[in-house]
Amino acid sequence: MNLIKTVSSVALAATVAAVTFASPALAKNFKIAVGDSGGSSQEATGLAFKEKLEELSGGKHTATLFLNGQLGSEQDTVNEAAIGTLDMSLLAINNVTPFSPTVGVFTLPYVILSLEDAETLTQGPIGQELTENTINDAGVRIIAWTYTGFRVLTNSKKPVKSVADLEGLVIRVPKNEIMIDTYKSWGISPTPMAWSETFAGLQTKVVDGQDNPYTTINAMKFYEVQDYVTEIRYIFSIEPLIVSEQVFQGLSAEDQAAVLEAGEYATQASAQFLRDKEAEIKALLVEKGMEIHVPENDEAEFIELATTAVWPKFYDSIGGVEKLNAVLAAIGRDPVSQ
Ligand code: MLT
């Protein structure tokens, strides 16, 4: 009797397994948290991903974008994705760094000097290695890269043309040690604040300024509360689309392939978005009343102070000076010594 029971349970389990294996995967609507609002580079990446995923899956799978930090601060979304309660998130790489320090190499000031540098690094072996690191460290997989452009400084108080002009300004920065230390190298102590709180912080004048790329400043309507721009261009903002590794591993091999291909398509679409839109958006910000300044001596003072003080401090967290040198070599720049 017992034997019959056991055999029939095994047979039942095998039948269930066979049916599960053979049945087509369920249609999925990937929930994507997006830190920025409509019109942003992040949204452009998310929409391109959705469009390609729908095409590749014959309309079976889709994605819904939750813009403007509706699903929480960017750093919180990394935790949510890690435990599988959120499918995907589009966020700035600086907000991934606290969970996977080696990606900090992309946030070191004045390392990436052009969109082409950013494309070379993210789409080559270095991007692949950092993707593997984020899976292991943070439980999230980078499937697309958004190229948002150089971060420029904005503030509501005064024109800034030199490091000395920063004195007296309260500047919001992400909760990112590299960015905090960069401002310290310029002589001021910035205020770390979540991205989702930044507009309110600027509006209520808890902080005087912040930095982000032109496309982000426009999408977030910072021109309503900020008057002056300084092209410090210290970081080229890279903003990945991450998927929960748990969610990814739960997909069939075919669906995983579709997600990865849609991600590659979104990466290319993002570069195109920046090439097409950045100059137009900068002009629009001037029309809206923002005053743009270029630092004296082509940022030389900002570059010298930041690279000297900040790079060596973070060699250990990015995996050693050799990791920085690999990045510099990949974009045709000279190595640094320890
Ligand atoms: C930040 O400043 O925290 C980020 O760059 C915001 C963003 O994702 O655009």
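Residues numbered from 1 in each chain as written. Predicted model: local features only at pLDDT ≥ 70, side-chain atom pairs only at ≥ 80, totals over all residues. Heavy atoms only, no water.

### Digging into the overall build of the protein chain
Of the regular secondary structure elements, the protein chain holds 12 helices and 11 strands. Counting all 338 residues of the protein chain, 55% fall into the buried class. A sequence separation of at least 24 residues applies to 75% of the contacts in the protein chain between residues at least 6 apart. Element-wise, carbon and sulfur atoms account for 54% of the exposed surface of the protein chain, whose accessible area totals about 14,600 Å². For the protein chain, the separation between the mean place of its 24 positive charges and that of its 44 negative charges on side chains is 5 Å. (Helix = DSSP H or I, 4+ residues; strand = E, 2+ residues; numbered from the N terminus. Buried < 20%, exposed > 50% of the residue type's maximum accessible area, 1.4 Å probe, protein only. Contact = heavy atoms within 4.5 Å. Areas by Shrake-Rupley, 256 points an atom, 1.4 Å probe, with all protein chains shown as cover. Lys, Arg positive; Asp, Glu negative; His and termini not counted. Charge placed at Lys NZ, Arg CZ, Asp CG, Glu CD.)

### Concerning the confidence of the model for the protein chain
Confidence in the prediction of the protein chain, expressed as mean pLDDT, is 93, and 93% of residues score 70 or more. In the predicted structure, residues 1-23 sits below a pLDDT of 50 and forms 0 contacts with residues beyond four places in sequence or in another chain. (pLDDT = per-residue confidence, 0-100.)

### What about the site of the ligand?
Near the ligand there are 13 residues, and of these Asp36, Gln42, Glu74, Arg151 and Arg172 occur at the shortest range. Side-chain polar atom of glutamine 42 to an oxygen atom of the ligand: 2.8 Å apart, as the coordinates give it. At 2.8 Å from an oxygen atom of the ligand is found a side-chain nitrogen or oxygen belonging to arginine 151. Against a free-state accessible area of 270 Å², the protein chains account for coverage of 100% of the ligand. Along the lines of polarity and charge, the residues of the shell around the ligand split into 3 nonpolar, 5 polar and 5 charged. Counting residues domain by domain, the shell around the ligand receives three or more from each of domain 1 (3-18 + 28-148 + 237-278) and domain 2 (152-235 + 282-315). (Near = heavy atom within 4 Å. Polar contact = N/O pair within 3.5 Å; in protein donor to acceptor, adjacent residues only side chain to side chain. Nonpolar A, V, L, I, M, F, W, Y, C, P; charged D, E, K, R; others polar. Domains from an automatic or database assignment.)

### Topic: the sheet that holds strand S3 (residues 88-90)
With respect to topology, 5 strands assemble into an open sheet ordered S2-S1-S3-S10-S4, the strand pairing being mixed. Pairing within the sheet leaves two strands with one partner each, and these edge strands are strand S2 (62-66) and strand S4 (140-150). The average angle at which neighbouring strand axes cross in this sheet is 20 degrees, direction not considered. Pairing between strand S1 (residues 29-34) and S2: 5 bridges, direction parallel. Residue isoleucine 32 lies in a different strand from S2, and its bridge partner there is leucine 65. Packing against the sheet, helix H10 (residues 253-287) makes contact with S1, S3, S4 and strand S10 (236-244), and its axis sits at approximately 5 degrees to S4. (Pairing = 2+ DSSP bridges. Axes fitted to C-alpha atoms, helices over the stretch in contact; angles between N-to-C directions.)

### Observations regarding the packing of aromatic side chains
In the structure shown here, the tally under the stated rule is 8 aromatic pairs. Centre to centre, the rings of tyrosine 183 and tryptophan 186 are 5.1 Å apart; their planes meet at 80 degrees, and the pair counts as edge-to-face. With relative accessibility at 3%, the residue tryptophan 186 sits in the buried group. Centroid distance tryptophan 186 to phenylalanine 302: 5.0 Å. Interplanar angle 80 degrees. Geometry classified as edge-to-face. Taken together, the residues span a long stretch of sequence, with tryptophan 186 in the loop between helix H6 (177-185) and strand S7 (191-192) and phenylalanine 302 in helix H11 (residues 300-313) at a distance of 116 residues. (Phe/Tyr/Trp six-rings, centres within 6.5 Å; stacked < 30°, edge-to-face > 60°.)

### Here we look at the sheet that holds strand S5 (residues 152-155)
By definition, the strands of a sheet pair up through backbone hydrogen bonds, in either a parallel or an antiparallel sense. Strand order across the open sheet formed by 4 strands is S8-S5-S9-S11, with mixed pairing between neighbours. In this open sheet, the two edge strands, each paired with only one partner strand, are strand S8 (209-212) and strand S11 (291-293). Neighbouring strand axes in the sheet, compared pairwise and without regard to direction, differ in orientation by 25 degrees on average. Bridge analysis of S5 against S8 gives 4 bridges, and the strand direction is antiparallel. Each residue of the ladder has a partner; that of threonine 154, found in S8, is glutamine 210.

### Notes on empty space enclosed by the protein
According to the stated counting rule, one finds 1 cavity of 30 Å³ or more in the structure shown. By volume, the largest cavity is sized at about 70 Å³. Along the walls of the largest cavity sit Asp36, Gln42, Glu74, Ala92, Asn94, Asn95, Arg151, Arg172, Pro174, Trp195, Asn212 and Glu239, which together make up its complete lining. Among the residues making up the lining of the largest cavity, the classes are represented as 3 nonpolar, 4 polar and 5 charged. Counting residues domain by domain, the lining of the largest cavity receives three or more from each of domain 1 (3-18 + 28-148 + 237-278) and domain 2 (152-235 + 282-315). (1 Å grid on protein atoms, 1.4 Å probe; cavity = no way out; pocket = protein on both sides within 12 Å on 5 of 7 lines; lining within 4 Å. Points joined across faces, edges and corners; volume = space filled by probe spheres on them.)

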